[in-house]
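# Geometric and topological summary
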Amino acid sequence: MDHSGHGSGHGMMMDLPPFTLERGLAYSHDTFFLVGCLLALALYGWGVARLVRRGDSWPVGRTVSFAIGVLSVALVMCTKLNDYGMVMFSVHMVQHMVISMLSPILLLLGAPVTLALRALPVASRRGSRGPRELLLALLHSRYLRIITHPAFTIPLFIASLYGLYFTPLFDFLMGSRPGHIGMMVHFLAVGLVFFWPIMGVDPGPHRPGYVMRMLELFAGMPFHAFFGIALMMASEPMVGTYLDPPASLGIDALTDQNAAGGIAWAFSEIPSVLVLIALVYQWYRSEQRQAVRKDRAADRDGDRELEEYNAYLASLQSQAARGR
């Protein structure tokens, strides 16, 4: 089957050589992810439009971040990159890293849950449950508390690497279209639940402090780096799916696997830096808001806290004078 022109209607970030796919399936223009991306953009746009119509504001930066996050998913799943990801381990690793570590961060910075809570209508009848009430119930559910807890998300994040690539499960999933789609959806979901409590933009069951968020972030990254190093240091191909790449590509399976390891190792650094910058900025904004609240409180009560402190110092001086 000739795939040299397959998916030519999509924009590409790189010029990949044509090849004949000797095994596997073609996935360019993946309908599942294409529909999902269009639906995500439409729902987010509807939420923003609803806020604007009633006179509320929504940060442009959040909209831009969410849109770029959706487009990053579309880039790796709805273009010819998806075809090459079926026969080149390095291209597949680009897909995996983007959809599990870059796309979730961008999507979460768009605060979609906050937007939904503000845009969804309240139930018309008292005691009934509309979409907003159902979303609130989900946010407070035991299920969400479990799947967003670090004791669950960090092991899941690690197992999604070692338990998938170093077992026959990866080859099994890559052998069918539903398996491949399910695996990529899993990568996206794991990234979302891992970074959600860390980013702290949307409300959720867990709201750890900023220091704890940083610890959670760096708890999983070393394992990610070790995974990449293991692929780079391997002396033979470790994944059966990419054992025999098409001859027309002119690549060696082990060299391609080493490149995949380098990509995995590099991506353990890039998202960490992005999230760390976002956390430091959020921390700074939080401290600024707290300072403003204290100033306002001081204005209301005539700086009572300072007066009480001065009175305390005066009492100490009086006690010292009596003791002489």
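Cut-off values and rules
- Residues numbered from 1 in each chain as written.
- Predicted model: local features only at pLDDT ≥ 70, side-chain atom pairs only at ≥ 80, totals over all residues.
- Heavy atoms only, no water.
- Helix = DSSP H or I, 4+ residues; strand = E, 2+ residues; numbered from the N terminus.
- Buried < 20%, exposed > 50% of the residue type's maximum accessible area, 1.4 Å probe, protein only.
- Contact = heavy atoms within 4.5 Å.
- Patch = residues over 30% accessible without salt bridge, like charges linked within 9 Å, V, L, I, M, F, W, Y side chains within 5 Å.
- Areas by Shrake-Rupley, 256 points an atom, 1.4 Å probe, with all protein chains shown as cover.
- Salt bridge = Lys/Arg side-chain N within 4 Å of Asp/Glu carboxyl O.
- Axes fitted to C-alpha atoms, helices over the stretch in contact; angles between N-to-C directions.
- Parallel < 35°, antiparallel > 145°, perpendicular 65-115°, else oblique.
- Left-handed = near helix turned anticlockwise from the far one by under 90°.
- Nonpolar A, V, L, I, M, F, W, Y, C, P; charged D, E, K, R; others polar.
- Disulfide = S-S within 2.5 Å.
- Phe/Tyr/Trp six-rings, centres within 6.5 Å; stacked < 30°, edge-to-face > 60°.

Below, the discussion takes up the overall build of the protein. Per the secondary structure count, the protein includes 14 helices and zero strands. Starting at the N terminus, the α and β elements of the protein follow one another as α-α-α-α-α-α-α-α-α-α-α-α-α-α. By residue count, 41% of the 324 residues in the protein fall in the buried class. Within the protein, contacts between residues separated by at least 24 positions form 76% of all contacts whose residues are at least 6 apart in sequence.

What follows is about a nonpolar patch on the surface. Residues Phe-223, Phe-226, Ile-229, Met-232, Met-233 and Trp-265 make up a contiguous nonpolar surface patch of about 610 Å² in total accessible area. Looking at the nonpolar patch element by element, the count peaks at five residues for helix H11 (residues 210–233). Secondary-structure assignment places Ile-229 in helix H11.

Moving on: the side chain of Thr-153. Note on placement: Thr-153 falls in helix H8 (residues 150–165). Look at Thr-153 and you get buried, because its relative accessible area is 3%. Other than its neighbours up to four places away in sequence, Thr-153 contacts Ile-147, Thr-148, Val-193 and Phe-194.

Glancing now at unusual backbone geometry. Glycine aside, residues mostly have negative phi angles, and peptide bonds mostly take the trans form. Of note, the phi angle at Ala-111 is positive, near 50°, even though the residue is not glycine. Mapped onto the secondary structure, Ala-111 falls in the loop between helix H4 (89–109) and helix H5 (112–119). For Ala-111, a relative accessible area of 0% translates into the label buried.

Of all the residues in H5, the buried ones are Val-113, Thr-114, Leu-115, Leu-117 and Ala-119. Buried residues along H5 sit in contact with helix H1 (31–53), helix H2 (60–77), helix H6 (131–139) and helix H10 (177–199).

A few words now on the packing of H4 against helix H12 (residues 253–267). Where H4 contacts H12, the two axes come as close as 8 Å, and the packing angle between them is 15°. When the axes of H4 and H12 are compared, the pair comes out roughly parallel. Handedness of the crossing formed by H4 with H12: right-handed. Between H4, through Phe-89, Ser-90, Met-93, Val-94, Met-97, Val-98, Met-101 and Leu-102, and H12, the contact on the second element is made entirely by Asp-256, Gln-257, Ala-259, Ala-260, Ile-263, Ala-264 and Phe-267. Here the residues of the contact of H4 with H12 sort into 12 nonpolar, two polar and one charged.

Turning our attention to the state of the cysteines. Summed over all chains, the structure comprises zero disulfides. Just so you know, Cys-37 is unpaired, no disulfide at all, and the nearest cysteine sulfur is the one on Cys-78, 5.1 Å from it.

For Met-232, the position within the fold is in helix H11. For the pair Met-232 and Asn-258, spaced 26 residues apart in sequence, the C-alpha to C-alpha distance is 4.1 Å. Non-local contacts of Met-232, meaning those with residues more than four positions away in its chain, are made with Asn-258, Gly-261, Gly-262 and Trp-265.

The N-to-C vectors of H1 and H5 enclose an angle of 50°; their axes lie 9 Å apart at closest approach. Taken together, the axes of H1 and H5 are oblique relative to one another. Viewed along their axes, H1 and H5 form a crossing whose handedness is left-handed. Together, Tyr-44, Trp-46, Gly-47, Val-48, Arg-50 and Leu-51 of H1 and Pro-112, Leu-115, Arg-118 and Ala-119 of H5 make up the contact between the two elements.

A word on the packing of aromatic side chains. This structure, assessed with the given rule, holds 13 aromatic pairs. Here Phe-32 and Phe-33 contribute two aromatic rings whose centre-to-centre distance is 5.4 Å and whose plane-to-plane angle is 80°, an arrangement assigned as edge-to-face. Take Phe-32: its relative accessible area is 47%, and that puts it in the partly exposed class. Ring geometry for Phe-89 against Phe-170: centres 6.5 Å apart, planes inclined by 40°, an arrangement best described as tilted.

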